[in-house]
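Observations on chain architecture
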Number of protein chains: 2
Amino acid sequence: MKLGLLLPPAPKPGDHKWKLSRQIGINHAVAKLAPELTGDDPIWNMDSLLRSKARFEAAGFTISALEGDQMDMNRIKLGLPGRDEDIARYCQMLENMGKAGIHLLCYNFMGAVGWFRTAVAVPVRGGAMASAFRLADAETGPLPEFGEVSAEKVWENWTYFMDRVLPVAEKAGVVMAAHPDDPPIPAVRGIGRIFNSPDGFRRARDYARSPSNKITFCQSNFMLMGEPIEPLIREFAPNIAFVHFRDIKGTAEDFIETFHDDGPHDMVELLRLYHEVGFDGLIRPDHVPNMEGEYAGSEGGALNLSTTVGYEIQGRLFAVGYIKGMAEALGIRME
Amino acid sequence: MKLGLLLPPAPKPGDHKWKLSRQIGINHAVAKLAPELTGDDPIWNMDSLLRSKARFEAAGFTISALEGDQMDMNRIKLGLPGRDEDIARYCQMLENMGKAGIHLLCYNFMGAVGWFRTAVAVPVRGGAMASAFRLADAETGPLPEFGEVSAEKVWENWTYFMDRVLPVAEKAGVVMAAHPDDPPIPAVRGIGRIFNSPDGFRRARDYARSPSNKITFCQSNFMLMGEPIEPLIREFAPNIAFVHFRDIKGTAEDFIETFHDDGPHDMVELLRLYHEVGFDGLIRPDHVPNMEGEYAGSEGGALNLSTTVGYEIQGRLFAVGYIKGMAEALGIRME
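Residues numbered from 1 in each chain as written. Chains lettered and ligands numbered in written order. Predicted model: local features only at pLDDT ≥ 70, side-chain atom pairs only at ≥ 80, totals over all residues. Heavy atoms only, no water.

The criterion, for reference: UniProt positions are given in the numbering used here, feature names are shortened, and annotations may be inferred rather than shown by experiment.
In the annotation of an unreviewed UniProt entry, the entry for chain A reads mannonate dehydratase, and the organism field reads Aliiruegeria haliotis. What the UniProt record of chain A gives under Function (unreviewed entry) is the line "Catalyzes the dehydration of D-mannonate."

Structure below.
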């Protein structure tokens, strides 16, 4: 397997994520290159994509996947006027990715609201701060600007989108790996969700049996879908293009994220199983608690507004060590 | 096994080693409580020892071992006038440890110069900085204040010491676990070394077959002694009371320390072997490279004079994750 980390598109002064990642032996970067993060053009502009690629390469990384919305996808996801122009740009982006040698794209189809938590600093082991979700604490009314959008309408939008982008992705050699809805609940702020159940993924898989229509197996979301996780890994094995390795306690309606070694699931068995079913692609640890110095109230620190929830570095140093240790003991080569 | 970390006797503002260690699930602390570090009395004063113990306990740690010279031991190690007074204090310390419930003491018999490196910032993976030793770069002449001391004289000093402290340690229920000379070379600055070979440890073991006469298996030092490491683990298994888990490249005369996953030895096999031979005691990662932000020349930082070589925290977050991952995959319980 290839062990990667989601990294910011460029290191800021004092942000050591890039250098620390190289020091723990990470060669594969996962990047979100949206203009609001890069300060550059969207990557349907090839020059912009190549500038980002060169920056990562100069630091020793291969960009092995892009992840998240690389451009505003709301018109596409919600089926709003203008989506055809956006889809044309999306196709250009896929072509650019292929030419740039970036062959994996983790996308999601969560409209308007992306991954969603109702708390970002719940104390866990030793006072580290984890993110959590409780449906009872969530604002559930529809968003004023979008109103209610049924899941079937979102399915229509997805098929409309895939009919147009999938042939381009195939030709470009780019694998589109759908990420589950996070959390996998029926709707968020009035907008229906479609990748919130194994059946949703079955439907998407069966819609287009294409080498470019694949899955990001974000395992905690699959854990929350109400079916045992191991059979799901076996069932979806041919379609898994990317693994997000994490653990979680609770249900889709009430959960807290845990350190990788501190959750209820058998992480050794899961890693072994990915290997057993033949998965040899990209895996990355996901969503670690923020540790001392990385959250409001840490000793010696006011809230650092640049802190990212779930993606700070100290927990990931630990998580990468943990995954490397398991992999070595299981005889799984991590490159 | 019990997984521990060597921690400073108290956290300083901005030094997050204690809190981060708890957050990665460390329950067992290894401490050096020498007065120059605690600012308190030596621990032959029971109140001083109890103050330190209470401080660790309030933060959630059990002190599971003391390590290093807890008082000036040069008169003992070099056989100088005054050693009997020092040995009397040492005996008092052993009694105090037993009463305080601290039953493991990692001691060494390196006179005048302790663990010794000729470089502390050799770039390794990703520009992390490791410590290294090259005999050719070491000052080899005897120290003016001590002159030459033969290894046989050091043996005499050790037996003189052990004859007096071992019965006290036994009665107090304290295990004295001898640490190898680091590096294991014949002499440093004119002072002979005795724990620099398997034969040295055999001689010490055979001198007193006591439950309190044991070994700290600092594995990289044993790797440098010129015999294969696995048979040494098997041979010394009944005597190993404490494991220092580390890796190293080179020879006793020219080596560099590595990240735990980046050295030449099979760390999975070593951990598995400790378990197989029945070792169920304390293990700690040792000597990690200093990572970005922890060495002179790190981005955004002048030399932080409080930086400790080999014992900074980021590399240990990674190392503890690595050990935990291996242990879980091997079915070894780490408490």
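Some points on the overall build of chain A
Condition: Here a helix means four or more residues in a row that DSSP labels H or I, a strand means two or more in a row labelled E, and each is numbered from the N terminus. Note that the radius of gyration is over C-alpha atoms, with the globule rule given as 2.2 Å times the number of residues to the power 0.38. When a residue's accessible area, from a 1.4 Å probe over protein chains only, is under 20% of the maximum for its type it is buried; when over 50% it is exposed; and in between it is partly exposed. Should any heavy atoms of two residues lie within 4.5 Å, those residues are counted as being in contact. The protein chains shown are the only cover counted for residues, whose accessible areas, like all others here, come from Shrake-Rupley with a 1.4 Å probe. For the charge count, each Lys or Arg is scored as positive and each Asp or Glu as negative, with His and the chain ends excluded. For the purpose of locating charges, the reference atoms are NZ of Lys, CZ of Arg, CG of Asp and CD of Glu.
The secondary structure content of chain A amounts to 11 helices and 14 strands. Expected size for 335 residues packed as a compact globule is a radius of gyration near 20 Å; at 19 Å, chain A falls within 12% of this value. Judged by the C-alpha coordinates and their principal axes, chain A covers about 50 × 45 × 45 Å. Considering chain A as a whole, with its 335 residues, one finds that 59% of them fall into the buried category. Restricting to contacts in chain A with at least 6 residues of sequence separation, those with at least 24 account for 74%. Carbon together with sulfur atoms contributes 51% to the accessible area of chain A, which is approximately 12,400 Å² in total. Side chains of chain A give 35 positive and 45 negative charges; the mean places of these two sets differ by 4 Å.

Here's the deal with the sheet that holds strand 13 (residues 254-258) of chain A
Residues and elements named next belong to chain A. To keep things clear, this is the line we draw: Here a strand pair is declared whenever DSSP counts at least two bridges between the two strands. A fitted line through C-alpha atoms serves as each axis, taken over the contacting stretch for helices, and the angle formed by two N-to-C directions is quoted from 0 to 180°.
The 4 strands lie next to each other as 5-6-13-12, forming an open sheet whose pairing is antiparallel. Each having just a single partner strand, strand 5 (119-123) and strand 12 (247-251) make up the two edges of the open sheet. Taken pair by pair, the neighbouring strands of this sheet meet at an average axis angle of 30 degrees, ignoring direction. Looking at chain direction, strand 6 (residues 129-134) and strand 13 are connected through 3 bridges and run antiparallel. Residue pairing across strands places Arg 134 opposite Asp 254, the latter belonging to strand 13.

Let's talk about the packing of helix 7 (residues 198-207) of chain B against helix 9 (residues 229-236) of chain B
Residue and element names in this part refer to chain B. Put simply, the rule is: An angle below 35 degrees is read as roughly parallel, one above 145 as roughly antiparallel, one from 65 to 115 as roughly perpendicular, and any other as oblique. Under the convention adopted here, Pro, Cys and the residues Ala, Val, Leu, Ile, Met, Phe, Trp and Tyr are nonpolar, Asp, Glu, Lys and Arg are charged, and Gly plus all remaining residues are polar.
At a minimum axis separation of 12 Å, helix 7 and helix 9 run at an interaxial angle of 0 degrees. In terms of orientation, helix 7 and helix 9 fall into the roughly parallel class. Judged by residue contacts, Pro 198, Phe 201, Arg 202 and Arg 205 of helix 7 engage Leu 232, Glu 235 and Phe 236 from helix 9. Along the lines of polarity and charge, the residues of the contact of helix 7 with helix 9 split into 4 nonpolar, no polar and 3 charged.

Here we look at the pairing of strand 10 (residues 213-218) of chain A
All names here are of chain A. Counting buried positions along strand 10 yields 6 of 6 residues, so the element is predominantly enclosed. When strand 7 (residues 175-178) meets strand 10, the two strands line up parallel, connected through 3 bridges. Across the sheet, Ala 178 pairs through a bridge with Ile 215, a residue of strand 10. By the bridge criterion, 4 bridges tie strand 10 to strand 11 (residues 240-245) in an arrangement that is parallel. When the bridges of strand 11 are listed, Thr 216 appears paired with Phe 242.

Observations regarding the packing of aromatic side chains
Residues and elements named next belong to chain A. To keep it simple, the criterion reads: Any Phe, Tyr or Trp ring, taking Trp's six-membered ring, that has another such ring centre within 6.5 Å forms a pair; planes under 30 degrees apart are called stacked, those over 60 apart edge-to-face, and the others tilted. Here, a charge over a ring means that NZ of Lys or CZ of Arg falls within 6 Å of the ring centre while also lying within 35 degrees of the ring normal.
Inspection of the entire model under this criterion finds 44 aromatic pairs over all chains. Chaining the aromatic ring pairs together yields one cluster made of Trp 155, Trp 158, Phe 195, Phe 201, Tyr 207, Phe 217, Phe 222, Phe 236, Tyr 274 and Phe 279. Here Arg 164 stacks its cationic end above the ring of Tyr 160, 3.6 Å away from the centre of that ring.

Quick notes on the interface of chain B and chain A
How we decide: By buried area we mean how much accessible surface two parts lose on assembly, using a 1.4 Å probe and totalling the loss over both. When a carboxyl oxygen of Asp or Glu lies within 4 Å of a side-chain nitrogen of Lys or Arg, that pair is called a salt bridge.
Taken together, the contact pairs 34 residues of chain B with 34 residues of chain A. Here chain B packs against chain A, burying approximately 2,900 Å² in sum over the two surfaces, 59% of which is carbon and sulfur. Taken together, the connections running from chain B to chain A amount to 4 salt bridges. Here Glu 292 of chain B and Lys 19 of chain A are joined by a salt bridge, their closest N and O atoms 3.9 Å apart. When residues of the side of chain B that touches chain A are traced back to their parent elements, those giving at least two are helix 1 (17-23) and helix 11 (314-330) of chain B. If one sorts the elements of the side of chain B that touches chain A by residue count, helix 11 of chain B sits on top with 12 residues.

Some remarks on the pattern of salt bridges
By the definition in use, this model includes 59 salt bridges over all chains. Lys 53 of chain B is paired through a salt bridge with Glu 57 of chain B; the nearest N and O atoms lie 3.1 Å apart. With Lys 53 of chain B and Glu 57 of chain B both in helix 3 (residues 46-58) and 4 residues apart, the pair spans about one turn of that helix. For Arg 125 of chain B, the salt bridge identified is with Asp 262 of chain B, shortest N-O distance 4.0 Å. Taken together, the residues Arg 125 of chain B in the loop between strand 5 (119-123) and strand 6 (129-134) and Asp 262 of chain B in the loop between strand 13 (254-258) and helix 10 (267-276) connect sequence positions 137 residues apart. A relative accessible area of 17% places Arg 125 of chain B in the buried class. Owing to a relative accessible area of 30%, Asp 262 of chain B belongs among the partly exposed residues under this scheme. By sharing partners, the salt bridges in this structure join Asp 199, Arg 202, Arg 205, Asp 206, Arg 209, Glu 227 and Glu 235 of chain A into a single network.

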